[in-house]
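Each chain, written out:
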Amino acid sequence: GQYLNNKFTVTGSCTSANEVKSISIFLNGVYITDADFANSNFSKEIDFSQFNEGNHALRVVLADNQNNSVEVSRTINVGDELKVEIISPQEKIYMHSDQVLFQYQTVPSDAEGIVAKLDGEIIANNITKNAFELSLGQHKYSVEQDGKIYAERTFAISTDLADQRN
């Protein structure tokens, strides 16, 4: 979802065969406010800094004068955008006999849905692997949330000491 930490205007457009009675905005199922509506468009500025940081369900419900309704929901994140730092592995050549630490940190530290992957396979955070468990050659370590990659690093495994000097 989108990261919101200040005022943000919720906007959209809609059409109805009947007169629009209300466009209500909810956060986590709790009514917040009604949006302003004119010429098939609606908008409402909301100060998201008043809500707790983290993921929230934002829902907009349009109701017409015949009591028909339609709704749209989006996941948003209140707070600063996720930042990810890969601490290890380093972008270098590891020898086949080395141990490789796989570790990252996030801001905020309690971010949900974070997944680390080694060559496309999920791997735990803060885990050490023996390099001989990995195939020789290049590898990719990435950290993502909801399919979006926030950080990635490549490294290699070799048995040739000459590779490590280059």
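Computed from a prediction, not measured in an experiment: that's the story for all the values here.

> Residue-level account of the pattern of salt bridges, with values.
On inspection of all chains with the given rule, the structure shows four salt bridges. Residues Arg-59 and Glu-71 are paired through a salt bridge, measuring 3.4 Å at the closest nitrogen-oxygen approach. Residue Arg-59 is located in strand S7 (residues 54-64), and its partner Glu-71 is located in strand S8 (residues 69-78); the two are separated by 12 residues in the primary sequence. Classification of Glu-71 by relative accessible area gives partly exposed; the value is 46%. Between Lys-117 and Glu-144 there is a salt bridge, with the nearest N and O atoms lying 3.3 Å from each other. Taken together, the residues span a long stretch of sequence, with Lys-117 in strand S12 (residues 114-118) and Glu-144 in strand S15 (residues 137-145) at a distance of 27 residues. The exposure class assigned to Lys-117 is partly exposed, which follows from its relative accessible area of 22%.

> Requested: an account of unusual backbone geometry, with residues and values cited.
With an omega dihedral of 15 degrees, the bond running from Ser-88 to Pro-89 counts as a cis peptide bond. Along the chain, Pro-89 falls in the loop between strand S9 (83-88) and strand S10 (93-95). Here the phi dihedral of Asn-39 falls at roughly 50 degrees; this positive angle occurs in a residue that is not glycine. Along the chain, the position of Asn-39 falls in the loop between strand S5 (36-38) and strand S6 (41-47). You can call Asn-39 exposed: its relative accessible area is 71%. Of note in this structure, Asn-126 is not a glycine but carries a positive phi near 60 degrees. Exposure remark for Asn-126: the relative accessible area of 49% places this residue in the partly exposed category.

> Break down the sheet that holds S6 for me, with residues and values.
What the three strands build is an open sheet, ordered S2-S6-S5; its pairing is antiparallel. Of all strands in the sheet, those with a lone pairing partner are strand S2 (7-13) and S5, marking the two edges. Strand-to-strand twist of the sheet, defined as the mean angle between neighbouring strand axes without regard to direction, takes the value 20 degrees. Of the strand pairs in this sheet, S2 and S6 are connected by seven bridges, and their pairing is antiparallel. Directly across from Lys-7, in S6, lies its bridge partner Asp-47.

> Tell me about the confidence of the model for the protein chain, and please be specific about residues and values.
Residues shown with low pLDDT carry predicted positions that ought not to be read at fine detail. Of all residues in the protein chain, 93% attain a pLDDT of 70 or more, and the chain-wide mean is 88. The spread of mean pLDDT over the elements of the protein chain runs between strand S1 (residues 2-4), the lowest at 59, and strand S13 (residues 121-123), the highest at 97.

> Please give an account of the sheet that holds strand S11 (residues 99-107) that cites residues and values.
A sheet is described by the order of its strands in space; here three strands give the open sequence S9-S11-S14, paired in antiparallel fashion. Because the sheet does not close on itself, it has two edges, and the strands there are S9 and strand S14 (127-130). Taking each pair of neighbouring strands and ignoring which way they run, the sheet shows an average axis angle of 20 degrees. Sheet analysis places S11 next to S14, joined by four bridges and oriented antiparallel.

Each value, and the rule that gives it
Residues numbered from 1 in each chain as written. Predicted model: local features only at pLDDT ≥ 70, side-chain atom pairs only at ≥ 80, totals over all residues. Heavy atoms only, no water. Salt bridge = Lys/Arg side-chain N within 4 Å of Asp/Glu carboxyl O. Helix = DSSP H or I, 4+ residues; strand = E, 2+ residues; numbered from the N terminus. Buried < 20%, exposed > 50% of the residue type's maximum accessible area, 1.4 Å probe, protein only. Pairing = 2+ DSSP bridges. Axes fitted to C-alpha atoms, helices over the stretch in contact; angles between N-to-C directions. pLDDT = per-residue confidence, 0-100.

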